[in-house]
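# Structural characterization, general
What follows is the residue order along each chain.
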Amino acid sequence: MKSITITGAILAMVACALYVHAQGAGGASLGATAPPFSLQDQDGKTVSLSDFAGKIVVLEWVNPQCPFVQRHYAAKTMITLANSYASKGVAWIAINSTNSADNAENKSWVSQNSLTYPILNDSTGQVGKAYGSKSTPDMFIIDQSGKLVYEGAIDNDPDGDKGSDRINYVAKALDEILAGKPVSTPQTKSYGCSVKYAS
């Protein structure tokens, strides 16, 4: 009886591990429908993922206090990409899942960086956890059919020193989607500060 119980426990653990591996840390999995959400932007307006049905959507996890985020914004990495792909029907949305985040801080960041896209307040962490966001920045791309087709880093340059050898994974994935091709690198390891979720 004891051996049967132990075997059952082992099988349960294996099944659980396989489920976590397949679903990702937060339940969002590549190739599946992206988790829906509705959050307030920096002006208090409710923004829903469904507002962008039929469009390619880039989700960027942001924390204005994170040095990695600050570096990318000083280099205008995000705003340049967002602006250059907007005319091609790509929507860019930043999400702040920091537990202390509020609309005022997000509005200040938008103003300071002259952003053309919203920052949504996810201080409860519900949306960040649904996507399995681990760091800031952390990037997700949803295609026109609403499927999650990329997750991971903005580029291959966590130290900011690669120069001409830098590969922007998000730009590469967007170009492939717009050309009607599958994303050749659908998942990379994100880098940056850990998301400061509410406990």
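The text that follows walks through the structure, step by step, so that each part is easy to find. Note that the structure is a prediction, hence the values are computed from the model and not measured.

About the cut-offs
- Residues numbered from 1 in each chain as written.
- Predicted model: local features only at pLDDT ≥ 70, side-chain atom pairs only at ≥ 80, totals over all residues.
- Heavy atoms only, no water.
- Core = buried A, V, L, I, M, F, W, Y, C linked by side-chain atoms within 4.5 Å.
- Buried < 20%, exposed > 50% of the residue type's maximum accessible area, 1.4 Å probe, protein only.
- Helix = DSSP H or I, 4+ residues; strand = E, 2+ residues; numbered from the N terminus.
- Contact = heavy atoms within 4.5 Å.
- Pairing = 2+ DSSP bridges.

Membership of the largest hydrophobic core comes to 34 residues, with the highest contact counts inside it found for Trp92, Tyr117, Ile141 and Val170. Among the elements of the structure, β3 (56–61), α2 (67–74), α3 (77–86), β4 (90–96), α4 (103–112), β7 (138–142), β8 (148–152) and α6 (169–178) are those that each provide at least two residues to this core. With six residues, the single largest contributor to this core is α6. Sequence-distant contacts of Trp92, that is, excluding residues within four places in its chain, are made with Val58, Glu60, Met78, Leu81, Ala82, Tyr117, Pro118, Met139 and Val170. The next biggest cluster of nonpolar side chains, apart from the first, holds 19 residues, and it includes Leu120, Tyr131, Phe140 and Ile142.

Quick look at the pairing of β3 now. With six of six residues buried, β3 lies mostly within the body of the structure. Bridge count between β3 and β4: six bridges; the pairing is parallel. The residue of β4 that forms the bridge with Ile56 is Val90. The pairing of β3 with β7 spans five bridges and is classified as antiparallel. The residue of β7 that forms the bridge with Glu60 is Met139.

Without other data, these values stay purely geometric and don't point to any function.
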